[in-house]
Amino acid sequence: MTDVATLWEVGLPLAGAAGGLGYAKVRAPRVFWSLVGLPVTRVRFAVTYHATMDVCGLTVQPSRLRAFVVRNVARRPDVQPVPPKIRRVRGTSTGMRVTLRLPAGLEPADVMAASERLRHAWGVHSVNVVETKPGFVELRMTGYDVLNRVRMPRSRRRLPGPMAVPVALREDGSAFVRDYLKVPHALTLGANQSGKSMYQRNLIAQLARLDVALVGIDCKRGVEQRGYAPRLSAFATSPDEASGLLDALVGEMEDRFSLLSDHGVADVWALPEDVRPVPVVVLVDEVAELFLVATKKDEERRDRMVTQLIRLGQLARAAGIYLEVCGQRFGSDLGRGATTLRAQLTGRVVHRVNDKQTADMGLGDIAPDAVVAVTSIPPDRPGVAVAGDSSGGWSRIRTPELSAAEVADICTAHADLTPDLPVLAAYRPVLLDGISADPAPVPLVKPNPATA
């Protein structure tokens, strides 16, 4: 009986602990990683590091001086190849980060090419290689699939600038930050139900908290952006309204250029704070609607809108006006000027698409390697996307779930931050008691001389 009692006393706690860890692995992966995954991975990494680097071809022959010291001072006949030197190992709530000093003869591309082999060798979910400075790389390991259930980092580092907002989570566990000072204009592509609207919601929810003017262009009668009207400085819900609004934005840009000229500076951020105009973010939903034509008059309007968009894309950065364009497809098949406009939108986020050609439209010109990653996004993972940049780098991201009602509440709560821009006053959405009017198009529209 004593043996049985002892067995129960020891076995029950162990079974409970095992069950708790099993539950944590599924429902609380961060807890499981911190308690089990991280210690195991650190031991495995320390024990197998040299052998793994040698097998993966990430070692170089030692210098003559090192070989001489080993043979004549250490009295060792065999001179081992030299792997990258470990400078720092740091655990995180989602993985582990290792800083390596590369020996002469290795470059970051060599480590990047071996990232998949390193992932399997150390039993982690992914290994991303980032060059931190010349001669140094950081291995950003994730212990589990952080994109399965998105949780943005709690302790956010100081954002890099006044126009930077966290929008999504990268697969290495860090936040994907949309920085308009670094990437002024961006294009977001994706098929229906791919999570494209969710990305836009997260972006608007973050921008609504900043001292910026938001301008909405939603030619689907405003069904996507209507709830954000309390925070919009201008709003267009049809191609005719969009044409007039784009003319007004170009006029605002030219006025700002006059201001820059008067002060002898080349950028609004170089102006004194008391005269600096408020930044403007133009949110274009389903850009293809601006290109569709049915009559000769529509074609003239289309050409004018595309010309104005191209002008904004080429010149508006210095004036503090930024484009955020969204659509399902965006290529030469839309019509004249589409490819020229796309070239100005250097920030790219591409969700699941219906064909490889659309992925090429979004990333083929800046990050060709990312096209395969886009076409492999499964339909059952909405919100997963590939973000690329003009330097050729790319990463998988996923936005947290956020309903349209939640974003509308955020916009209403921050309606006091909505600036009045005199040039855009005719396009200010009409509100009823602080709530956007019903879905019928209600913004006042200034006649457009190009289509009158």
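Here is what the cut-offs are and how they apply
- Sequence order sets the numbering: in each chain, residues are counted from 1 along the sequence as written.
- In view of the model being predicted, local features appear only for residues whose pLDDT reaches at least 70, and side-chain atom pairs are presented and counted only at 80 or more, with totals across whole chains, interfaces and linings using the full set of residues.
- With hydrogens and water set aside, each side-chain value is computed from the structure's full complement of heavy atoms.
- Per the convention used, a helix needs a DSSP run of H or I reaching at least four residues, while a strand needs a run of E reaching at least two, with both numbered from the N terminus.
- Throughout, exposure labels follow a simple rule: accessible area from a 1.4 Å probe, protein chains only, divided by the maximum for the residue type, with under 20% read as buried, over 50% as exposed, and the rest as partly exposed.
- In what follows, a contact means two residues having at least one pair of non-hydrogen atoms within 4.5 Å.
- In these tables, accessible area is a Shrake-Rupley quantity obtained with a 1.4 Å probe, and a residue counts as shielded only by the protein chains included in the view.
- Residues are said to line a cavity or pocket when one of their atoms sits within 4 Å of a point; the points come from a 1 Å grid over protein atoms alone, cavities being sets where a 1.4 Å probe fits but cannot get out and pockets being open sets with protein on both sides within 12 Å along at least five of seven lines.
- Grid points are joined across faces, edges and corners, and a volume is the space filled by probe spheres set on the points.
- Working definition: the arc comes from the directions between the helix axis and the C-beta atoms, pointing outward to the latter.
- Nitrogen and oxygen atoms within 3.5 Å of one another constitute a polar contact, given that in protein one can donate a hydrogen and the other can accept it, and given that sequence-neighbouring residues count only through two side-chain atoms.
- Pairing of aromatic side chains requires ring centres within 6.5 Å, counting the rings of Phe and Tyr and the six-membered ring of Trp. Pairs whose planes differ by under 30 degrees are stacked, by over 60 edge-to-face, and all others tilted.
- Here a strand pair is declared whenever DSSP counts at least two bridges between the two strands.
- Only the stretch in contact is used when a helix axis is fitted, and all axes are lines through C-alpha atoms; the angle between N-to-C directions ranges over 0 to 180 degrees.
- We call two directions roughly parallel when the angle between them is under 35 degrees, roughly antiparallel when it is over 145, roughly perpendicular when it lies between 65 and 115, and oblique otherwise.
- Crossing handedness: left-handed means the near helix sits turned counterclockwise from the far one by under a right angle, and right-handed means the same turn made clockwise.
- Scored between 0 and 100, pLDDT is the confidence that the predictor attaches to each residue.
- What counts as a salt bridge is simple: a side-chain nitrogen of Lys or Arg found within 4 Å of a carboxyl oxygen of Asp or Glu.

Caption draft 1: Molecular detail of the overall build of the protein. Within the protein, the secondary structure is distributed over 12 helices and 16 strands. Going through the 452 residues of the protein one by one, you find that 48% of them count as buried. In the protein, once contacts between residues fewer than 6 apart in sequence are set aside, the share between residues at least 24 apart is 64%. Carbon and sulfur atoms make up 54% of the accessible area of the protein, which totals about 22100 Å².

Caption draft 2: Geometry of empty space enclosed by the protein. Under the criterion given, the structure shown has one cavity of 30 Å³ or more. Those elements that place two or more of their residues in the lining of the largest cavity are helix H6 (196–207) and strand S10 (280–285). Considering each element in turn, the lining of the largest cavity owes the most residues, four residues, to H6.

Caption draft 3: Representation of helix H10 (residues 356–364) within the structure. Along H10, the residues that are buried comprise Thr358, Ala359, Met361, Gly362 and Leu363. Projected down its long axis, H10 shows its buried positions confined to an angular sector of 160°, all on one face. The elements touched by buried residues of H10 are strand S7 (186–189), helix H9 (338–344), strand S12 (347–351), helix H11 (370–375) and strand S13 (384–388). You can read the cap of H10 off the contacts: a side-chain oxygen lies 3.2 Å from the backbone nitrogen of Gln357, and it is on Asp355.

Caption draft 4: Structural detail: the packing of aromatic side chains. What the rule picks out here adds up to three aromatic pairs. Relative to Tyr49, the ring of Phe45 has its centre 5.2 Å away and its plane inclined at 55°; by these criteria the two rings are tilted. Taken together, the residues Phe45 and Tyr49, both in helix H2 (residues 29–55) and four residues apart, mark about one turn of the helix. Tyr49 shares its class with Phe45; the two are buried.

Caption draft 5: Representation of the sheet that holds S10. With mixed pairing, the 10 strands of this open sheet are ordered in space as S6-S5-S14-S13-S12-S7-S11-S10-S8-S9. Of all strands in the sheet, those bounded by a partner on one side alone are strand S6 (175–179) and strand S9 (232–236). Neighbour to neighbour, the strand axes of the sheet diverge by 25° on average, direction disregarded. In terms of strand pairing, strand S5 (residues 164–170) meets strand S14 (residues 394–398) through two bridges, oriented antiparallel.

Caption draft 6: Up close: the sheet that holds strand S3 (residues 126–133). With antiparallel pairing, four strands are arranged side by side in an open sheet as S1-S2-S4-S3. Edge positions in the open sheet fall to strand S1 (85–91) and S3, since each of these has one partner strand only. The average angle at which neighbouring strand axes cross in this sheet is 20°, direction not considered. Examined bridge by bridge, S3 and strand S4 (residues 136–142) share seven bridges and lie antiparallel to one another. Paired with Lys133 across the bridge in S4 is Phe136. The strands that H2 touches are S1, strand S2 (95–101) and S4; relative to S2, the one it contacts most, it runs at about 25°.

Caption draft 7: Spotlight on the packing of H2 against helix H5 (residues 115–122). Running from amino to carboxyl end, H2 crosses H5 at an angle of 130°, the nearest separation of the two axes being 9 Å. Taken together, the axes of H2 and H5 lie oblique to each other. Every pair of crossing elements has a handedness; the one defined by H2 and H5 is right-handed. Counted together, Thr41, Arg44, Phe45, Thr48, Tyr49, Thr52 and Met53 of H2 and Leu118, Ala121 and Trp122 of H5 form the full contact between these two elements.

Caption draft 8: Here's a closer look at the confidence of the model for the protein. Looking at the protein, pLDDT values average 83 and 84% of them are 70 or higher. Throughout residues 434–452 the model reports pLDDT below 50, and contacts reaching past four residues in sequence, or to other chains, amount to 43 contacts.

Caption draft 9: Examining the pairing of S14 more closely. Pairing analysis gives five bridges linking S13 to S14, with the strands arranged antiparallel. When the bridges of S14 are listed, Gly388 appears paired with Trp394.

Caption draft 10: A look at unusual backbone geometry. The backbone phi angle of Gln193 is positive, close to 65°, even though this residue is not glycine. Examined against the element boundaries, Gln193 turns out to sit in the loop between S7 and H6. The phi dihedral of Arg221 falls on the positive side, at around 60°, and the residue is not glycine.

Caption draft 11: Region of the structure containing the pattern of salt bridges. A complete count under the given rule lists 18 salt bridges for this structure. Where Asp303 meets Arg302, a salt bridge forms, and the shortest distance between an N and an O atom there is 2.9 Å. Arg302 gets classed as buried once you look at its relative accessible area, which sits at 8%. Put simply, Asp355 and Arg329 hold a salt bridge, and the shortest N to O gap is 3.1 Å. Of this pair, Asp355 sits in the loop between S12 and H10 while Arg329 is found in the loop between strand S11 (321–327) and H9, placing the two residues 26 residues apart along the sequence. Judged by its relative accessible area of 23%, Asp355 is partly exposed.

Caption draft 12: Main features of helix H12 (residues 404–413). Buried within H12 are the following residues: Val407, Ala408, Ile410 and Cys411. Buried positions in H12, seen along its axis, are confined to an arc of 160° and lie on one side of it. Across H12 from its buried face, at more than 90 degrees, point the exposed residues Ala405, Asp409 and Ala413. The elements touched by buried residues of H12 are H6.

Caption draft 13: Up close: the pairing of S10. Buried residues dominate S10, accounting for six of its six residues. Side-chain alternation along S10 places Val280, Val282 and Val284 on one buried face and Val281, Leu283 and Asp285 on a second face that is also buried. Taken together, the six bridges between strand S8 (residues 213–218) and S10 define a ladder with parallel strand orientation. By the bridge assignment, Gly216 is partnered in S10 with Leu283. Strand direction decides the pairing type here: S10 and S11, joined by five bridges, are parallel. What sits directly across from Val282, in S11, is Leu323.

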